[in-house]
Structures are given as C-alpha cells and as structure tokens.
Amino acid sequence: MSQVTEVYFLKTTETQDAVDLIKRASQKGCVLPEKNGWVTFVVETKFAHSEISSHNEGVLLYLVMAEDFEWQFTLFYKSKQAVFYRCVINSAAIMSDFDIEEPRNAPELSLKEILMYDRSADWNLIEKALANFEDYAEKKEVIEKLILPEKHKTVIHTKEAYRFCEDMGLFFYDWISYHYIGQNDELHYGKYGTFPIIHV
C-alpha cells in the first residue's frame with residue numbers, strides 16, 4: 001500500500017498551542033509530542049488547511065505526501081500563505097506504470113518531463129516566518145532550493161520530499177495522517193519508539 005501522509009507542524013515547543021489551534025478551528029484531531037521545535041498534529045477533516053490556517057497565530061507547515069504521484073507543502077505565517085510548493089507526476093508517466101523510486105520504468109520520458117511543479121512564494125512573509133529559527137539561513141536555503149532551483153542549480157531527485165522533511169527538522173512525517181493514527185492512544189514509530197497521542 002502506498003503512503004498517504006497529511007499532517008501539520010506548528011512551530012512551538014508547547015503541545016497545548018496545537019491543541020488550542022485545533023479547537024479554534026473547530027476540528028477534531030490528534031497531537032503528537034514536540035520534536036525539534038515543531039509540534040505535529042493531524043485533523044479528521046481532509047485538506048482542512050485553509051480552515052486551520054485561518055485560525056493560526058504563528059508559523060504553520062502543512063504537508064501532503066502521496067508517494068505514488070505527488071507531494072506538497074504550504075508554509076503559513078499566521079493566516080497568510082508564505083510558500084506553496086507542489087510536485088506531481090504527470091499522467092503520461094502514471095499511465096506508463098512509472099515508479100518514482102524507479103524512474104527508468106518510463107524510459108521514453110525524461111525526469112524533467114515526469115515531474116511537474118507548482119511554486120509560489122512571498123519572500124517578505126518567508127522572512128517573518130523564519131525570523132525566530134536559530135538556523136534561519138539554513139531553513140531559508142531549504143525553501144529556496146525548491147522555489148528557486150535555477151539559483152541553486154537544484155538537482156531533481158526522487159527523494160526530495162524526505163530530504164525536505166529532514167532539512168526542516170520535521171520528525172513525524174512518515175505514514176502520518178488522521179486515518180492512520182486517529183483511533184490510537186499511542187504512535188508506534190518504528191525504531192524511534194512509542195509516543196503518546198493527545199486527542200482533541
């Protein structure tokens with residue numbers, strides 16, 4: 001079964017901040033412990049990022065990974081969208097049984113033809129969103145490499161979603177969605193151990 005991740009990351013060290021955000025947005029959700037300065041949460045309603053972000057008071061990152069055909073993230077500063085990025089495998093590649101892990105399965109298409117991108121950024125809002133990051137310059141470069149690949153001579157690769165998550169310091173991003181964890185009291189996260197889930 002292919003992974004489908006839909007998850008939110010709030011830049012805070014307090015899980016209560018995520019609980020409060022879910023409540024302000026009148027959503028049902030689950031909150032995971034803080035890791036690396038991010039509190040991870042999911043909500044029952046799919047694609048509720050517009051509603052969640054409208055009640056956001058800090059820095060919020062929304063991530064979707066459907067590894068067979070696309071991944072995307074949106075970075076919000078308060079209620080405003082600072083960055084949107086989306087990478088999609090085009091329909092011709094899907095019809096030819098293209099596997100993102102084995103791009104040679106679609107030899108008639110180049111990788112640039114296979115992967116299509118949608119990018120937008122408000123650099124003033126990005127500056128504000130990243131202002132309190134201790135590693136501000138590094139995080140800005142992570143975003144720049146995706147939004148401005150020509151500036152950084154970014155090489156397209158099939159693991160860019162995972163690299164992005166790691167470079168941004170995100171911890172809970174693999175197979176994380178309300179569908180997967182919403183009925184549990186604990187998250188069994190492989191070699192990393194078991195973590196409590198707060199239900200809201």
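It should be noted that the structure appears before, not after, this text.
Residues numbered from 1 in each chain as written. Predicted model: local features only at pLDDT ≥ 70, side-chain atom pairs only at ≥ 80, totals over all residues. Heavy atoms only, no water.

Peer 1: Sorry, what's going on with the pattern of salt bridges here?
Peer 2: Evaluation of the coordinates by the stated rule reveals five salt bridges. One salt bridge in this structure joins Glu 70 and Arg 86, with 3.0 Å as the shortest N-O distance. Here Glu 70, found in strand 5 (residues 70-77), pairs with Arg 86, found in strand 6 (residues 80-89); they are 16 residues apart in sequence, far enough to count as distant. Under the relative-accessibility criterion, Arg 86 is labelled partly exposed at 30%. (Salt bridge = Lys/Arg side-chain N within 4 Å of Asp/Glu carboxyl O. Helix = DSSP H or I, 4+ residues; strand = E, 2+ residues; numbered from the N terminus. Buried < 20%, exposed > 50% of the residue type's maximum accessible area, 1.4 Å probe, protein only.)

Peer 1: Is there a simple way to think about the pairing of strand 2 (residues 29-35) in this case?
Peer 2: The side chains of a regular strand alternate between the sheet's two faces. Sheet analysis places strand 2 next to strand 3 (residues 38-43), joined by five bridges and oriented antiparallel. In the strand pairing of strand 3, Val 31 is matched with Phe 41. Where strand 2 folds back onto strand 3 in an antiparallel hairpin, the turn is made up of two residues, including Asn 36, whose phi is positive at roughly 55°. Two strands pair when backbone bridges link them, and strand 2 and strand 10 (residues 198-199) are joined in this way by two bridges, in the antiparallel orientation. Each bridged residue has a counterpart across the sheet, and for Cys 30 the counterpart in strand 10 is His 199. (Pairing = 2+ DSSP bridges.)

Peer 1: Help me out: how do you make sense of the packing of aromatic side chains in this one?
Peer 2: For any two aromatic rings, the description comes down to two numbers: the centre-to-centre distance and the angle of the planes. Scanning the entire structure with this criterion turns up 18 aromatic pairs. With 5.4 Å between their ring centres and 55° between their planes, Trp 175 and Tyr 180 make a pair best called tilted. Here the guanidinium or amino end of Lys 11 rests over the ring plane of Trp 38, the centre of that ring lying 5.1 Å away. When the ring centre of Phe 171 is taken as origin, the NZ or CZ atom of Lys 35, which lies over that ring, is 5.2 Å away. (Phe/Tyr/Trp six-rings, centres within 6.5 Å; stacked < 30°, edge-to-face > 60°. Lys NZ or Arg CZ within 6 Å of the ring centre and 35° of its normal.)

Peer 1: Explain the environment of Tyr 189 here, please?
Peer 2: Relative to the assigned elements, Tyr 189 resides in the loop between strand 8 (186-188) and strand 9 (194-196). With 13 residues separating them in the primary sequence, Tyr 189 and Ile 176 have C-alpha atoms 9.8 Å apart. Aside from chain neighbours lying at most four places away, what touches Tyr 189 is Phe 171, Phe 172, Tyr 173, Asp 174, Ile 176 and Phe 195. (Contact = heavy atoms within 4.5 Å.)

Peer 1: Looking at this structure, I do not really get the nonpolar core. What am I missing?
Peer 2: Proteins that are soluble and globular tend to have nonpolar side chains buried together. If you look at the biggest cluster of nonpolar residues, it comprises 42 residues, and the most contacted ones within it are Leu 61, Leu 63, Trp 71, Phe 73 and Phe 164. Ala 18, Ile 22, Phe 41 and Ile 52 belong to the second largest nonpolar core, which has 17 residues in total. (Core = buried A, V, L, I, M, F, W, Y, C linked by side-chain atoms within 4.5 Å.)

Peer 1: Help me out: how do you make sense of the packing of helix 6 (residues 136-147) against helix 8 (residues 160-167) in this one?
Peer 2: A pair of packed helices is characterised by two quantities: the angle between their axes and the separation of those axes. Their axes nearest at 10 Å, the elements helix 6 and helix 8 cross at an angle of 160°. The orientation of helix 6 relative to helix 8 falls into the category roughly antiparallel. The handedness of the crossing between helix 6 and helix 8 is left-handed. Across the interface between the two elements, Lys 139, Val 142 and Leu 146 from helix 6 touch Glu 160, Phe 164 and Asp 167 from helix 8. Split into classes, the residues belonging to the contact of helix 6 with helix 8 amount to three nonpolar, no polar and three charged. (Axes fitted to C-alpha atoms, helices over the stretch in contact; angles between N-to-C directions. Parallel < 35°, antiparallel > 145°, perpendicular 65-115°, else oblique. Left-handed = near helix turned anticlockwise from the far one by under 90°. Nonpolar A, V, L, I, M, F, W, Y, C, P; charged D, E, K, R; others polar.)

This is a description of form; function is not addressed.
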